[in-house]
Amino acid sequence: MSVIAYYLLLPVIYAVSLLPFRILYFLSDIVYVLLYHLLGYRKKVVLQNLRNSFPDKNEAEIQRICKDFYHYLCDLFLETFKTLTISKQAMVNHCRFTDETLALFDQLAADKKSVVLVMGHKGNWEWAGNTFSILCRQQLYVIYHPLANKQFNGLMYRMRTRFGTRLIAMQDTFRDMVQNRGEVNATAFIADQAPQPKTAHWLTFLHQDTPVFKGTEKIAQKLNYPVVYVTVHRVRRGYYSVSAHMLTSTPATEKDGDITAAHTRQLETDIIAQPATWLWSHKRWKHRRASVV
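Quick summary incoming for the structure in this document. (Residues numbered from 1 in each chain as written. Predicted model: local features only at pLDDT ≥ 70, side-chain atom pairs only at ≥ 80, totals over all residues. Heavy atoms only, no water.)

### Description of the sheet that holds strand 3 (residues 139-144)
Basically, it comes down to this: Between any two strands, at least two bridges found by DSSP are needed for them to pair. A run of DSSP states H or I qualifies as a helix once it reaches four residues; a run of E qualifies as a strand once it reaches two. Both are numbered from the N-terminal end. To get an axis, fit a line to the C-alpha atoms, keeping to the stretch in contact for a helix; angles then go from 0 to 180 degrees between the N-to-C directions.
On the basis of which strands lie adjacent, the open sheet formed by seven strands has the order 1-9-8-2-5-3-4 and mixed pairing. Looking along the sheet, the strands with just one partner apiece sit at the ends: strand 1 (95-97) and strand 4 (166-169). For this sheet, the mean angle separating the axes of adjacent strands, direction not counted, is 30°. Note: strand 3 against strand 4, four bridges, orientation parallel. From the neighbouring strand, Y141 faces strand 4, where its bridge partner is R166.

See below:
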């Protein structure tokens with residue numbers, strides 16, 4: 001049934017990707033009404049996450065962020081489909097890298113330094129990867145979780161690799177990065193997913209005890225790749241600005257946990273600055289730290 005559903009939906013997905021942006025966002029407004037008002041998709045999760053993360057905000061402010069988040073989520077969903085047919089020029093126009101960011105990556109490429117990129121599920125991270133592959137000299141690799149459905153996984157693969165990005169399945173990360181050491185590249189990690197509590201590093205994030213992955217830090221230290229934090233800021237509907245700065249150029253000399261703490265604090269700062277554009281529907285705090293007996 002999943003294969004039949006895929007082939008029935010595929011023409012619709014491509015038709016959506018071909019829509020002019022003005023019509024695309026009109027469609028997004030319709031999807032918002034369905035998702036937020038009629039279906040209430042994960043609304044309890046979103047509101048609970050927001051209330052716990054912003055204890056200083058009143059209920060009216062929480063509800064406003066919640067509605068803004070669902071508008072953003074619907075836009076993000078359709079913008080991702082747009083990747084199937086968008087031109088390079090339109091991609092760059094809608095997701096701009098700051099001059100300072102381009103200069104940073106140009107310098108790293110000139111120095112023949114491969115780099116670890118760390119970011120969160122904020123803004124349009126899919127577009128940011130596409131624009132990186134268009135504008136920057138490094139070969140970009142993105143760490144990802146393959147989807148269980150082979151057909152939809154193939155579709156996402158085409159979207160993400162259309163402009164030259166390559167994907168690495170999470171379980172193959174270190175092996176593939178070692179194999180790729182002969183080229184100047186950048187490997188992007190989305191660092192705000194929820195690891196299993198037994199293997200997690202725990203930090204206070206958005207006022208909550210939060211498990212975080214230390215894998216990004218450990219790999220960067222083993223390979224001694226500079227670590228660059230990437231911010232995706234929504235300028236206005238359909239337009240994003242990408243900025244990046246060096247977290248550390250010598251990760252092998254950093255103390256245990258410092259890199260992880262640094263990029264987690266930076267993501268927290270970004271979320272507080274623009275809260276509606278983070279993935280609040282993700283069950284980020286489903287795990288609890290094991291009690292110490």
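### Some points on the pattern of salt bridges
Between side chains of opposite charge, a pair can form when the charged atoms approach closely. Cut-off, in case you're wondering: We count a salt bridge whenever a side-chain nitrogen from Lys or Arg sits within 4 Å of a carboxyl oxygen from Asp or Glu. Working definition: with a 1.4 Å probe on protein chains only, accessible area under 20% of the residue-type maximum means buried, over 50% means exposed, and in between means partly exposed.
This model, assessed by the stated rule, comprises ten salt bridges. Measuring nitrogen to oxygen at the nearest pair gives 2.7 Å for the salt bridge that ties R237 to D29. One end of the pair, R237, is in the loop between strand 8 (227-236) and strand 9 (239-248); the other, D29, is in helix 2 (residues 21-39), with 208 residues separating them in the sequence. Judged by relative accessible area, D29 falls into the partly exposed class, the value being 30%. The network of salt bridges with shared partners includes D29, D75, R234 and R237.

### So, the pairing of strand 5 (residues 185-190)
Among the six residues in strand 5, six count as buried, and that is most of the element. Taking every second residue as pointing to the same face, both faces of strand 5 are buried, with N185, T187 and F189 on one and A186, A188 and I190 on the other. For strand 2 (residues 115-119) and strand 5, the ladder comprises five bridges, and the chain directions are parallel. Bridged to V115 within strand 5 is A186. Bridge count for strand 3 against strand 5 is four bridges, and the pairing is parallel. Its bridge partner lying in strand 5, Q139 is registered against N185.

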